[in-house]
Amino acid sequence: MHKASTLCLGCFLQIEGAFVQGIGFFMLEEYLSNSDGLVIPEGTWTYKIPTIETIPRQFNVEIMNSGHHKKRLLSSKASGEPPLLLAVLVHCATRAVIKEARKQLLRWKGLNESDSTFQLEVPATMSIVKKLQCLL
């Protein structure tokens, strides 16, 4: 029983950690690049990890077992990559919020709402989000 509970705890931590890492990638991590498009490494001192302020306050993870392969989660060999990519939902939700904010602002100004197109790059840092919502 102890080994099984340790395995489950490890899976939960891996899933949560991968999701938070994905939030960092899509919303926080800015990379400098040279004229060839190659990333300029700055080392780990300037790396901004997601903090308690940038991660979900409530984070529920439920692991459902298919029963087919007792040693694998849902018959899968991976438990970190899917949550990492699932964090793109945070970027998509941010884009939806910006779109609605821009529509509302145009409505208040009496302008055409259809003229609210924009490009939300990755990472969508807070300054970019505020700028696109016309808050800066």
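Reading guide: rules and limits
Residues numbered from 1 in each chain as written. Predicted model: local features only at pLDDT ≥ 70, side-chain atom pairs only at ≥ 80, totals over all residues. Heavy atoms only, no water. Helix = DSSP H or I, 4+ residues; strand = E, 2+ residues; numbered from the N terminus. Contact = heavy atoms within 4.5 Å. Buried < 20%, exposed > 50% of the residue type's maximum accessible area, 1.4 Å probe, protein only. Patch = residues over 30% accessible without salt bridge, like charges linked within 9 Å, V, L, I, M, F, W, Y side chains within 5 Å. Areas by Shrake-Rupley, 256 points an atom, 1.4 Å probe, with all protein chains shown as cover. Salt bridge = Lys/Arg side-chain N within 4 Å of Asp/Glu carboxyl O. Core = buried A, V, L, I, M, F, W, Y, C linked by side-chain atoms within 4.5 Å. Expected span 1.5 Å × (residues − 1). Arc of directions from axis to C-beta.

Caption draft 1: Spotlight on the overall build of the chain. Tallying secondary structure elements over the chain gives four helices and zero strands in all. From first element to last, N terminus to C terminus, the chain shows the α and β order α-α-α-α. When contacts within the chain are restricted to residue pairs at least 6 apart in sequence, long-range pairs at least 24 apart make up 63% of them.

Caption draft 2: The side chain of Q133, seen in detail. Note on placement: Q133 falls in the segment after helix 4 (126-132). Residue classification places Q133 among the buried residues on the basis of a relative accessible area of 16%. In contact with Q133, other than residues within four places in its own chain, are V97, I98, A101 and L105.

Caption draft 3: Geometry of the environment of L13. Structurally, L13 is set in helix 1 (residues 2-27). Note: C-alpha distance between L13 and V61 (48 residues apart in sequence) is 9.4 Å.

Caption draft 4: A nonpolar patch on the surface, seen in detail. A surface patch of nonpolar side chains, about 370 Å² in accessible area, is lined by F25, Y31, V39 and V122. Within the secondary structure, V122 is located in the loop between helix 3 (88-108) and helix 4.

Caption draft 5: Up close: the nonpolar core. Core analysis: the largest hydrophobic core is formed by 11 residues, namely F19, I23, F26, M27, A87, I98, F118, L120, A124, V129 and L132. No other element matches helix 1, which puts four residues into this core. Apart from the residues within four sequence positions on either side, F26 is in contact with L84, L85, A87, V88, H91, V122, P123 and A124.

Caption draft 6: Focus on the environment of L84. Relative to the helices and strands, L84 resides in helix 2 (residues 81-86). Look at L84 and you get partly exposed, because its relative accessible area is 27%. Here the alpha-carbon distance between L84 and G17, two residues 67 residues apart in the chain, equals 8.3 Å. Apart from the residues within four sequence positions on either side, L84 is in contact with A18, F19, Q21, G22 and F26.

Caption draft 7: Structural context of helix 3. Here helix 3 contains 21 residues, and its C-alpha end-to-end distance of 31 Å stays within 8% of the 30 Å for a straight helix at 1.5 Å per residue. When helix 3 is considered as a whole, its buried residues turn out to be H91, T94, I98, R102 and L106. Each buried residue of helix 3 lies within a common arc of 105° when the element is viewed along its axis, so the set occupies one face. After helix 3 finishes, the residue G110 shows a positive phi value of roughly 75°.

These figures come from the coordinates and say nothing about function on their own.
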